[in-house]
Amino acid sequence: MLRDALLQMSRSSRVRDVVERAPVTRNVVHRFVPGADVGDAVRAAAELTASHRLVTVDHLGEDTFDLAQARATRDAYLTLLTQMSEAGLTEGGRVEVSVKLSAVGQALEGDGEKIALEHAWDICSAAQQAGTTVTLDMEDHTTTDSTLSVLRELRRDYPWVGAVLQAYLHRTEADCRDLATAGSRVRLCKGAYNEPASVAFADKSEVDRSYVRCMKVLMDGDGYPMLATHDPRLIDIAGALAARAGRAETTYEYQMLYGIRPDEQQRLADQGHLMRVYLPYGADWYGYFMRRLAERPANVTFFLRSLATRS
Ligand code: FDA
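Residues numbered from 1 in each chain as written. Predicted model: local features only at pLDDT ≥ 70, side-chain atom pairs only at ≥ 80, totals over all residues. Heavy atoms only, no water.

### So, the overall build of the protein
A count of helical and extended segments in the protein gives 13 helices and 8 strands. Taken against the 2.2 N^0.38 rule, which gives 19 Å for 311 residues, the C-alpha radius of gyration of the protein at 18 Å falls within 12% of a compact globule. Structurally, the protein occupies a C-alpha span of about 55 × 45 × 40 Å along its principal axes. The burial tally for the protein puts 56% of its 311 residues in the buried class. Pairs at least 24 apart in sequence give 74% of the contacts found in the protein among residues at least 6 apart. Looking at the protein as shown, the accessible area adds up to about 14,000 Å², and 52% of this sits on carbon and sulfur atoms. (Helix = DSSP H or I, 4+ residues; strand = E, 2+ residues; numbered from the N terminus. Rg over C-alpha atoms; globule rule 2.2 N^0.38 Å. Buried < 20%, exposed > 50% of the residue type's maximum accessible area, 1.4 Å probe, protein only. Contact = heavy atoms within 4.5 Å. Areas by Shrake-Rupley, 256 points an atom, 1.4 Å probe, with all protein chains shown as cover.)

So, in structure tokens, the structure goes:
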């Protein structure tokens, strides 16, 4: 219930105004988003890589409804890649980028998908020059087919482009089978949007079971699984499945969000696992922040307590 309400609020411009203006919001947001500027992202990425964690950087933004904004987001990624490269962080894919197609134009009327493809292609070209990769985030289920279609197009020129699949969708096990091919980078997450029961499992344990089934397909396949979860049980199962499939530690990676279970991130990295942190930055943090609150009631309590003690 609380999750549904928060996810609905994440689409409300009225609630957005209130949350963005609340004086303490920034301090709480800071836990999940290190800053608004590219310099903040470079600094945070340098700190993470110094502790042997890999990074994927997201320039925050979604629901772009005008072309100028979509171009500006593309340009922000080009600047980001240049600066990360100049800081020596992109080599060998240590720091890559994650892109939401809606932020680069997918939702524009008419030619949205084509525009998003062109912008994503420019970002891939810059990533290749910087010696790194790009992963396409997955948004709500109405965009899944379009995003996978853009992925296929991009992979003709850039076979290293990563996909994201969401275990809460009924279709995902089949999508995992399609994408578990040689060289195919696939991030598996549970899914963070408010989806109808017609397309997604509603029950948490059903989502977890689907995650395990999907993980088996990816681990047994020929691709490169990227296991994006903070769930301790699923992390243990991932290790067991990797061992069962005879996978070396360099043939898959764990991924977690910036600011969530940092000690566990470090523990996995120190054990010699590849551990990548999803690092969002930018001024447009509202939707991302509300999805993080929705994932964990304790985060809401923390946020409300901060509001109460400051007001
Ligand atoms: P779950 O929510 O069950 O949490 C398991 C445990 O992890 C909790 O008990 C808690 O200890 C900890 N935890 C989880 N979330 C927390 C939070 N917000 N604050 C504090 N602790 C928390 N989704 C999507 O739809 N499209 C996408 O492209 C992506 N991309 C993506 C990339 C990466 C690298 C990650 C890690 C996640 C995503 N997600 C995503 C989000 C994902 O779908 C999911 O919502 C979150 O990862 C939370 O799910 P968990 O698997 O962590 O399990």
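Once the structure has been displayed, the description carries forward.
### A few points about the pairing of strand E7 (residues 253-257)
Of all 5 residues making up E7, 5 are buried, and the element is well covered by its neighbours. Pairing of strand E6 (residues 224-228) with E7 involves 3 bridges; the strand directions are parallel. Paired with Ala228 across the strands is Gln255, a residue of E7. Since E6 and E7 lie parallel, the crossover through helix H10 (residues 232-244) that links them has a hand, and here it is right-handed. One ladder, built from 4 bridges, connects E7 with strand E8 (residues 275-281); its direction is parallel. Paired with Met256 across the bridge in E8 is Val277. (Pairing = 2+ DSSP bridges. Right-handed = clockwise from strand over helix to strand, strands pointing away.)

### Points about the site of the ligand
Near the ligand, the surroundings consist of 25 residues, among which Gly191, Thr229, His230, Glu295 and Asn299 are the closest. Gln166 is positioned with one of its side-chain polar atoms (N or O) 2.8 Å from an oxygen atom of the ligand. At 2.7 Å, a side-chain N or O of Lys204 approaches an oxygen atom of the ligand. Protein chains shield 88% of the accessible area of the ligand, which is 940 Å² for the free molecule. Going through the elements one at a time, strand E4 (163-166), strand E5 (185-189), E7 and helix H12 (286-295) are the ones with two or more residues in the shell around the ligand. Top contributing element to the shell around the ligand by residue count: E7, with 3 residues. (Near = heavy atom within 4 Å. Polar contact = N/O pair within 3.5 Å; in protein donor to acceptor, adjacent residues only side chain to side chain.)

### Re the pattern of salt bridges
Note that side chains of opposite charge can pair when their charged atoms are close. Considering all chains together, one arrives at 21 salt bridges under this definition. Measuring nitrogen to oxygen at the nearest pair gives 3.8 Å for the salt bridge that ties Arg233 to Asp208. Taken together, the residues Arg233 in helix H10 and Asp208 in helix H9 (residues 204-220) connect sequence positions 25 residues apart. Arg233 sits in the exposed class, given a relative accessible area of 54%. Among the charged side chains, a network of salt bridges with common partners joins Lys190, Lys204, Asp208, Asp231 and Arg233. (Salt bridge = Lys/Arg side-chain N within 4 Å of Asp/Glu carboxyl O.)

### Considerations on the domain arrangement of the protein
For the protein, the assigned domains are domain 1 (1-32 + 292-311) and domain 2 (34-284). If you average the C-alpha positions of domain 1 and of domain 2, the two centres end up 24 Å apart. A combined buried area of about 1,000 Å² lies between domain 1 and domain 2, and 38% of that area is made up of carbon and sulfur atoms. The largest contributions to the domain 1 side of the interface with domain 2 come from Arg11, Arg31 and Phe32, which together make up 41% of the buried area. (Domains from an automatic or database assignment. Buried area = accessible area lost by both parts, 1.4 Å probe.)

### Things to note about the packing of aromatic side chains
Working definition: an aromatic ring pair is given by the centre-to-centre distance plus the angle between the planes. Scanning the entire structure with this criterion turns up 6 aromatic pairs. An angle of 5 degrees between the planes, with centres 6.2 Å apart, marks the rings of Tyr278 and Tyr288 as stacked. On the criterion of sequence distance, the pair formed by Tyr278 in strand E8 and Tyr288 in helix H12 is long-range, its members being 10 residues apart. Ring geometry for Trp285 against Phe289: centres 5.8 Å apart, planes inclined by 85 degrees, an arrangement best described as edge-to-face. Put simply, the rings of Phe32, Trp285 and Phe289 touch in pairs and so form one group of aromatic residues. Above the face of the Tyr288 ring, Arg292 is positioned so that its terminal group lies 4.4 Å from the ring centre. (Phe/Tyr/Trp six-rings, centres within 6.5 Å; stacked < 30°, edge-to-face > 60°. Lys NZ or Arg CZ within 6 Å of the ring centre and 35° of its normal.)

### Points about unusual backbone geometry
Within the chain, His52 stands out as a residue other than glycine whose phi angle is a positive 65 degrees. Tracing the sequence through the fold places His52 in the loop between helix H4 (38-50) and strand E1 (54-59).

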